[in-house]
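# Observations on the model geometry
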Amino acid sequence: MAKSNQAVVTVASGAHAERLDYTFTSFAKNPFLTLHAFIFGSELPRKRFPEITYHLVKSDPAFGHPMRDMYYRRLLLIDELEEEFVLLVDNGDVLCLQPIPELPQLLRGAGLAACVEHNGSRYFLGQGYTSEYINCGVTFWHKPSTRQMRQDVVARGRTRFRSVEDQLTFNEVVQTRYYDQMIILPCQYNFRAHFRKKVRGWPTVNSLDG
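Attention in this report is confined to the structure presented alongside it. None of the values given here were measured: they were computed from a predicted structure. (Residues numbered from 1 in each chain as written. Predicted model: local features only at pLDDT ≥ 70, side-chain atom pairs only at ≥ 80, totals over all residues. Heavy atoms only, no water.)

One way to put it is that helix 2 (residues 66-77) packs onto helix 4 (residues 147-159) with a least axis distance of 8 Å and a crossing angle of 155°. On the basis of their axis angle, the class for helix 2 and helix 4 is roughly antiparallel. Handedness of the helix 2/helix 4 crossing: left-handed. Here Arg 68, Tyr 72, Leu 75 and Leu 76 of helix 2 come into contact with helix 4, specifically with Arg 150, Gln 151, Val 153, Val 154 and Gly 157. Of the residues in the contact of helix 2 with helix 4, the class split is five nonpolar, two polar and two charged. (Axes fitted to C-alpha atoms, helices over the stretch in contact; angles between N-to-C directions. Helix = DSSP H or I, 4+ residues; strand = E, 2+ residues; numbered from the N terminus. Parallel < 35°, antiparallel > 145°, perpendicular 65-115°, else oblique. Left-handed = near helix turned anticlockwise from the far one by under 90°. Contact = heavy atoms within 4.5 Å. Nonpolar A, V, L, I, M, F, W, Y, C, P; charged D, E, K, R; others polar.)

Turning our attention to helix 2. Between its first and last C-alpha, helix 2 extends 15 Å over 12 residues, near the 16 Å set by a 1.5 Å rise per residue. With nine of 12 residues buried, helix 2 lies mostly within the body of the structure. Inspection of helix 2 places Arg 68, Asp 69, Met 70, Tyr 71, Tyr 72, Arg 73, Arg 74, Leu 75 and Leu 77 among the buried residues, and these make up the whole buried set. (Expected span 1.5 Å × (residues − 1). Buried < 20%, exposed > 50% of the residue type's maximum accessible area, 1.4 Å probe, protein only.)

Our next topic: unusual backbone geometry. Of note, the phi angle at Arg 108 is positive, near 55°, even though the residue is not glycine. If you trace the backbone, Arg 108 turns up in the loop between helix 3 (103-107) and strand 5 (112-116). The backbone of Asn 119 shows a phi angle near 55°, a positive value even though the residue is not glycine. Its location among the elements puts Asn 119 in the loop between strand 5 and strand 6 (122-124). Judged by relative accessible area, which is 53%, Asn 119 ranks as exposed.

The next thing to look at is the pairing of strand 8 (residues 134-142). The element strand 8 is largely enclosed, with a buried count of nine among its nine residues. As paired strands, strand 4 (residues 85-89) and strand 8 are joined by five bridges and run antiparallel to one another. What sits directly across from Val 86, in strand 8, is Trp 141. In the sheet, strand 5 pairs with strand 8 via four bridges, with the strands oriented antiparallel. Opposite Ala 113, over in strand 8, you have Phe 140 as the bridge partner. (Pairing = 2+ DSSP bridges.)

Remark: the centre distance and the inter-plane angle together describe each pair of aromatic rings, the angle taken between the planes. The full count for this structure, using the stated rule, is five aromatic pairs. When the ring of Tyr 123 is compared with that of Tyr 129, the centres are 5.4 Å apart and the planes differ by 55°; the resulting orientation is tilted. The exposure class assigned to Tyr 123 is exposed, which follows from its relative accessible area of 73%. For Tyr 129, a relative accessible area of 40% puts it in the partly exposed group. Centre to centre, the rings of Trp 141 and Phe 170 are 6.1 Å apart; their planes meet at 85°, and the pair counts as edge-to-face. Of this pair, Trp 141 sits in strand 8 while Phe 170 sits in helix 5 (residues 167-177), and the two are 29 residues apart along the sequence. The exposure classification of Trp 141 matches that of Phe 170, with both residues buried. Looking at Arg 68, its charged tip hangs above the ring of Phe 161, at a distance of 4.1 Å from the centre. Sitting over the face of the ring of Tyr 133, Arg 122 holds its NZ or CZ atom 4.5 Å from the ring centroid. (Phe/Tyr/Trp six-rings, centres within 6.5 Å; stacked < 30°, edge-to-face > 60°. Lys NZ or Arg CZ within 6 Å of the ring centre and 35° of its normal.)

Read these as geometric descriptors, not functional statements.
Written out as structure tokens, the structure is:
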């Protein structure tokens, strides 16, 4: 069998690194994806799973917070992999409930594909406003063509500490400089509704079959 050129990647540390079977291994239902987990810390998790290739990463205190370190550096760590196409997902709350199309099919020639955040109309520096504020918990990448884009996001994150997460910086850079290299996917690829649970200000659905 030919080696796949598509990967799904997550980053984790501490207790989250021990619980990837609840979340990350769900992507193994897509046989074209290889699973990679970058583990931040001094050792790999004790609980490891054969579906996942693990990579130990030394933390970088220059990012000012352990979570910032992981959020931003994941954008660069994917360059260490051989795969050309990468799906980057958060470790704790992202599940693959149904098989997905192959990544080149989803990207359709673009460098980046992603879904709009809940309440996607936002003001921000740079472009100034967007009605498609991107959620960074699930992003699809053509790695070679987005290297400069990802480096620019990290460079801005190093100089502006306003949030632990990378999402604001990501949108400022991508929506201002690289909007023509991105396509918006329907919310099915990054679901943002509660399942049979009422939460004020959030949508509720009774089925996940869509």
